[in-house]
Amino acid sequence: MKLTCIMCGRPVEIEEFKPDPYDDEDDVPARKPVAFCRMCEAKIKNESDQAQKVPKPM
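So, a few notes on the structure that sits alongside this text. Because the structure is a prediction, the values reported are computed rather than measured.

## Some thoughts on the overall build of the protein chain
Along the protein chain, the regular secondary structure elements total one helix and two strands. Mapped from its N terminus to its C terminus, the protein chain presents α and β elements in the order β-β-α. Expressed as a percentage of its 58 residues, the buried residues of the protein chain come to 10%. About 6,000 Å² of surface is accessible on the protein chain, with carbon and sulfur atoms providing 56% of the total.

## Observations concerning the environment of Gly-9
Looking at where Gly-9 falls in the secondary structure, it is placed in the loop between strand E1 (2-4) and strand E2 (11-13). Separated by 26 residues in the primary sequence, Gly-9 and Ala-35 have C-alpha atoms spaced 9.9 Å apart.

Rules used throughout
Residues numbered from 1 in each chain as written. Predicted model: local features only at pLDDT ≥ 70, side-chain atom pairs only at ≥ 80, totals over all residues. Heavy atoms only, no water. Helix = DSSP H or I, 4+ residues; strand = E, 2+ residues; numbered from the N terminus. Buried < 20%, exposed > 50% of the residue type's maximum accessible area, 1.4 Å probe, protein only. Areas by Shrake-Rupley, 256 points an atom, 1.4 Å probe, with all protein chains shown as cover.

Written out as structure tokens, the structure is:
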């Protein structure tokens, strides 16, 4: 399935999810999947790691 990254717009290849045929939760509405490319995913992870660190005292 071809999607685009929601941050930068690059095309992202996502493998198709095959739902369980015996799953009876069909009343849940289907939503468009959200995708990030690897570069944006790494950027988000780095920013969140930096935000979690305690600043070093001077």
